[in-house]
Amino acid sequence: MSDLGDWFRSIPFITRSWFAASIAVPFIGKLGLIDFRNLMLFPELVISRFHLWRPVTATLYFPITPNTGFLYLVNLYFLYHYSSRLETGAFDGRPADYIFMLLFNWICIVITGMLMNMRLLMIPLIMSVLYVWAQFNKDTIVSFWFGTRFKAHYLPWVILAFNFIIGGSFVNELTGNLVGHLYFFLMFKYPMDLGGRALLSTPEFLYRCFPNRRGGVSGFGVPPSRPAAQEPQAGGGGAGVLRGRHTWGQGFRLGGE
């Protein structure tokens, strides 16, 4: 148990809080402590009866049954794996920026869920984070089912296609991918690559609540920037890949560091 506790405490704070809530809320519904229907998103109840907790609980709740248990565990793994690496990599020492990314993605997903009458929002938010990680580490080689290997840039779409083949649905994954793309485009691609205005910025109150800090653990990917000059770095697979005016950052192999 001490090893499990040490592992849990080693998870970065924001990811750890999200991970814990994504375990607690489904089990609350599974054990019947709260009617699971009160944890799902019903747009008409949010609007007409002001069930304002539903957008939050629908993001954390997932039905655990013999048919859905494996999918739930896979998405918990994705949450832990990619959120941890974003929080300690591209957003290392910048908790306010990471929280803002999660809030922006969540708001977009809630709006989409309300319009499309979606009941559960866990997978879209996790996929949006995975998509952002893939953009920061787009040239990293990752491994998938059956030993297939490809660049991380394609990972969100491979997962979408795989889930469509085995489950017949891709709406959750597509929603997450599109929202992740929207965030990355508005925050980095448009202002840095295309020379447009900065349309997204972290609010000051988040910086006051979660100030930047120095130091941290090793990074997996760094946010694009505009340095005055860039020179290629020596090194192997973990080295950043220069793309035009910015560095896309470091990466890692899926399943190892």
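Criteria and cut-off values
- For every chain, the first residue of its written sequence is number 1, and the numbers climb from 1 along that sequence.
- Local features are withheld for residues below a pLDDT of 70 in this predicted model, meaning they are given only at 70 or higher, and side-chain atom pairs are given and counted only at 80 or more; totals for whole chains, interfaces and linings count all residues.
- Derived side-chain values reflect all non-hydrogen atoms in the structure, with water molecules and hydrogen atoms excluded from consideration.
- Joining through side-chain atoms within 4.5 Å is the link that ties buried Ala, Val, Leu, Ile, Met, Phe, Trp, Tyr and Cys residues into a set, and such a set is a nonpolar core.
- Summary of the burial criterion: residues with accessible area below 20% of their type's maximum are buried, those above 50% are exposed, and those between are partly exposed, where the area comes from a 1.4 Å probe applied to protein chains only.
- Numbered from the N terminus, helices here are DSSP runs of H or I no shorter than four residues, and strands are runs of E no shorter than two.
- Any pair of residues with heavy atoms lying within 4.5 Å of one another is described as a contacting pair.
- A pair is scored as a salt bridge if a Lys or Arg side-chain nitrogen falls within 4 Å of a carboxyl oxygen belonging to Asp or Glu.
- UniProt positions are given in the numbering used here, feature names are shortened, and annotations may be inferred rather than shown by experiment.

Digging into the nonpolar core
Then step 1. If you look at the biggest cluster of nonpolar residues, it comprises 63 residues, and the most contacted ones within it are Leu-86, Met-101, Leu-155 and Tyr-183.
Then step 2. Secondary-structure elements contributing two or more residues to this core are helix H2 (13–30), helix H3 (43–48), helix H4 (54–60), helix H5 (69–87), helix H6 (95–116), helix H7 (122–136), helix H8 (155–167) and helix H9 (171–193).
Then step 3. The element that contributes the greatest number of residues to this core is H7, accounting for 11 residues.
Then step 4. When near neighbours in sequence (up to four residues on either side) are disregarded, Leu-155 contacts Tyr-82, Leu-130, Trp-133, Val-142, Phe-144 and Phe-150.

Digging into the pattern of salt bridges
Once the charged atoms of two side chains with opposite charge are near each other, the side chains can pair.
Then step 1. Throughout the structure, instances matching the rule amount to four salt bridges.
Then step 2. Put simply, Asp-6 and Arg-9 hold a salt bridge, and the shortest N to O gap is 2.6 Å. Of this pair, Asp-6 and Arg-9 both sit in helix H1 (residues 2–10), three residues apart, which is roughly one turn of that helix.
Then step 3. The exposure class of Asp-6 is partly exposed, given its relative accessible area of 43%.
Then step 4. The class of Arg-9 is exposed, set by a relative accessible area of 55%.
Then step 5. Of the charged contacts, one joins Arg-37 and Asp-35 as a salt bridge, the two residues approaching to 2.8 Å between their closest N and O atoms.

Overview of the UniProt feature "transmembrane region" (unreviewed entry) in the chain
Then step 1. UniProt annotation of "transmembrane region" (unreviewed entry) refers to residues 17–36, 56–78, 98–115 and 156–186 when read in the numbering used here.
Then step 2. As annotated, residues 56–78 has a helix share of 65% and a strand share of 0%, and its two end C-alpha atoms lie 19 Å apart.
Then step 3. Helix makes up 100% of residues 98–115 and strand makes up 0%, while its end C-alpha atoms are separated by 26 Å.

Digging into unusual backbone geometry
Then step 1. Despite not being glycine, Phe-50 shows a phi value in the positive range, around 55°.
Then step 2. The residue Phe-50 is located in the loop between H3 and H4 in this model.
Then step 3. A positive phi angle is found at Asn-117, which is not glycine, with a value near 60°.
Then step 4. Classification of Asn-117 by relative accessible area gives partly exposed; the value is 43%.

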